[in-house]
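Structural description and commentary
Single-letter residue listing:
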Amino acid sequence: MTENKDVENAVAGLLLAAGGGRRLGGRPKALLEHRGRPLVEHAVGVLRAAGCTRVHVVLGARADAVRERARLEGCVLVENPEWEQGMGSSLRAGLDSLAGTGAGAALVSLVDQPGIGPEAVGRVLAAYRDETSLVSAAYDGVRGHPVLFGSVHWAGIAETATGDRGARAYLKAHESAITLVECGDVARPYDIDTAADLIHLE
């Protein structure tokens, strides 16, 4: 029990929810409805259910509407004024918001992947060892989300996170250090990117 508590205190959930939904006709993904509530609220619930007691949420497109509609009490809301530059800018803003909090790692998830639930997120969280940890969910052996970045890696990730690539370049350069956690049996890693993907929402 103590060990779990230590992990919960050391690892902060970091939800990237700033996208404007360009391929969805400009409907911000955070505000898409899933199970009767905004998708961002669902995604925060998944992080909490998995064991993240601290959750930072990066907002961008229509941030005021997201604050108004979604119940995000207890979360640290981080506004990314450069959200239109892509996911890399949101990742940088999120990691920056965690600096000085004492967090040993950030568990990064994306707002548009409702097929990834608490069980998969919990597996990635459980693989945390210390601030040098690099952990990624895998689906049939292929790296996906969520990913866990020990704080030792944050500066390097921020340096290379550009456009929509996020941490891809950094992870590629440090492939041998990544612990892969298979989650294909408990989650489906689809993205809500286009109108056709909206069938995944409930």
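As shown above, the structure is provided for reference.
Presented here is a report on the structure given in the accompanying data block. Since we're looking at a predicted model, the values are computed, not measured.

Calculation notes
- Residues numbered from 1 in each chain as written.
- Predicted model: local features only at pLDDT ≥ 70, side-chain atom pairs only at ≥ 80, totals over all residues.
- Heavy atoms only, no water.
- Helix = DSSP H or I, 4+ residues; strand = E, 2+ residues; numbered from the N terminus.
- Rg over C-alpha atoms; globule rule 2.2 N^0.38 Å.
- Contact = heavy atoms within 4.5 Å.
- Areas by Shrake-Rupley, 256 points an atom, 1.4 Å probe, with all protein chains shown as cover.
- Lys, Arg positive; Asp, Glu negative; His and termini not counted.
- Charge placed at Lys NZ, Arg CZ, Asp CG, Glu CD.
- Pairing = 2+ DSSP bridges.
- Axes fitted to C-alpha atoms, helices over the stretch in contact; angles between N-to-C directions.

Quick look at the overall build of the protein
A count of helices and strands for the protein gives seven helices and nine strands. The C-alpha radius of gyration of the protein comes to 15 Å, within 12% of the 17 Å expected for a compact globule of 202 residues. Taking the principal axes of its C-alpha atoms as reference, the protein extends roughly 40 × 35 × 30 Å. Contacts in the protein between residues at least 24 apart in sequence constitute 69% of all its contacts with a sequence separation of at least 6. Put simply, the protein shows about 9,500 Å² of open surface, and 48% of that area lies on carbon and sulfur atoms. Counting 21 positive and 26 negative side-chain charges, the protein places the centres of these two groups 4 Å from one another.

Looking at the sheet that holds strand 7 (residues 134-139)
Here we have seven strands laid out as an open sheet, ordered 5-4-1-6-8-7-9, and mixed in their pairing. With partners counted over all chains shown, the strands left at the sheet margins are strand 5 (76-79) and strand 9 (179-182), one partner each. Between one strand and the next, the sheet's axes are offset by a mean angle of 25 degrees, whatever the strand orientation. Pairing geometry for strand 1 (residues 11-17) and strand 6 (residues 105-110), over six bridges, is parallel. Looking across to strand 6, one finds that L14 is bridged to V108. Strands strand 1, strand 4 (55-59) and strand 6 of the sheet are contacted by helix 2 (residues 39-50), whose axis makes an angle of about 160 degrees with strand 1.

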